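# Results of the structural survey
In case you want the letters, here they are:
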Amino acid sequence: MERQRYQQIILSHARKPQHKGKTNPIHRQNQGENPYCGDKVELTLMLDETETKIEDIKFEAAGCALCLASTDLMAGAVKGKDISKALLMVEDFRNMVMGENTLKPPLEKLNIMQNVSKFPMRVKCVTLAWHTLKGALDGDKEM
Ligand code: ZN
């Protein structure tokens, strides 16, 4: 993808995130940190009554534009999805960032994050949100 367009997408999500805040009520939450860059992400999730689906997901985050954009894109991607599906998406996303596959529609927008595969330090910036999501979904335990 053209570099300019890549940067536009990152900056627009970082500056005007669509999923910022906290869910009400909060059924799952987790915090993640990437000490290499100083990124911090706090996720809150609202589940459906059977606790199998992510009804809503919101985040508070501080960090670099890549981290903020990736977190916003992640929230948009998993909102409304079954938990089992979201956990598969965590794996798919990680493999995509490592350059091992590309995501299919409707997730193809996330493929822009593959630009970081050449920069190991930045990989942590874009995967932080997904690791934090996995932690939130894996159980009730606080991380
Ligand atoms: Zn970062």
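Here's a quick rundown of the structure. Remember, predicted model here, so these are calculated numbers, not experimental data. (Residues numbered from 1 in each chain as written. Predicted model: local features only at pLDDT ≥ 70, side-chain atom pairs only at ≥ 80, totals over all residues. Heavy atoms only, no water.)

## Some points on the sheet that holds strand β3 (residues 54–62)
Here we have three strands laid out as an open sheet, ordered β1-β2-β3, and antiparallel in their pairing. Each of the sheet's edge strands pairs with one partner strand only, and the pair in question is β1 (28–34) and β3. Strand after strand, the sheet turns through a mean of 15 degrees between neighbouring axes, direction not considered. Sheet topology note: the strand β2 (residues 39–47)/β3 ladder contains eight bridges and is antiparallel. Each bridged residue has a counterpart across the sheet, and for Glu42 the counterpart in β3 is Glu60. (Pairing = 2+ DSSP bridges. Helix = DSSP H or I, 4+ residues; strand = E, 2+ residues; numbered from the N terminus. Axes fitted to C-alpha atoms, helices over the stretch in contact; angles between N-to-C directions.)

## Considerations on the side chain of Asn34
Turning to its location among the elements, Asn34 is positioned in strand β1. Each residue touching Asn34, except ones within four places of it in the same chain, is listed here: Asp39, Lys124, Cys125 and Leu128. (Contact = heavy atoms within 4.5 Å.)

## Digging into the coordination of the zinc ion
The protein atoms that coordinate the zinc ion are Cys37 (SG), Asp39 (OD), Asp39 (OD), Cys64 (SG) and Cys125 (SG), at distances spanning 2.2 to 2.7 Å. Ordering the donors of the zinc ion by residue number gives the pattern C-x1-D-x24-C-x60-C. Here Asp39, found in strand β2, pairs with Cys64, found in the loop between β3 and α2 (65–78); they are 25 residues apart in sequence, far enough to count as distant. In this pair, the class of Asp39 matches that of Cys64, namely buried. (Donors = N, O, S within 2.8 Å, 3.2 Å for Na, K, Ca; no water. Buried < 20%, exposed > 50% of the residue type's maximum accessible area, 1.4 Å probe, protein only.)

## Re helix α3 (residues 83–97)
Between its first and last C-alpha atoms α3 spans 21 Å; for 15 residues at 1.5 Å apiece the expected length is 21 Å, and the two agree. Taken as a whole, α3 has its buried residues at Ile83, Ala86, Met89, Val90, Phe93, Met96 and Val97. Relative to the axis of α3, the buried residues are bounded by an arc of 135 degrees and lie together on one face. Across from the buried face of α3, at angles greater than 90 degrees, the exposed residues are Ser84 and Leu88. (Expected span 1.5 Å × (residues − 1). Arc of directions from axis to C-beta.)

## Concerning the packing of α3 against helix α4 (residues 120–137)
Contact geometry for α3 and α4: axes closest at 10 Å, N-to-C directions at 160 degrees. Comparing their axes, α4 and α3 come out roughly antiparallel. Crossing hand, α3 versus α4: left-handed. For the pair α3 and α4, contact is made by Ile83, Ala86, Leu87, Met89, Val90, Glu91, Phe93, Arg94 and Val97 and by Val123, Val126, Thr127, Trp130, His131, Leu133, Lys134 and Leu137, respectively. (Parallel < 35°, antiparallel > 145°, perpendicular 65-115°, else oblique. Left-handed = near helix turned anticlockwise from the far one by under 90°.)

## Some thoughts on the packing of aromatic side chains
One pass over the full model with this rule turns up one aromatic pair. Ring centres of Phe93 and Trp130 lie 4.6 Å apart, and the angle between their planes is 15 degrees; this geometry places the pair in the stacked category. Remark: Trp130 occurs in helix α4 and Phe93 occurs in helix α3; sequence separation between them is 37 residues. Each member of the pair, Phe93 as well as Trp130, carries the same accessibility label: buried. (Phe/Tyr/Trp six-rings, centres within 6.5 Å; stacked < 30°, edge-to-face > 60°.)

## A word on the environment of Tyr36
When you line up the elements, Tyr36 lands in the loop between β1 and β2. A relative accessible area of 56% means that Tyr36 is categorised as exposed. For Tyr36, the contacting residues outside a window of four places in its chain are Met121 and Lys124.

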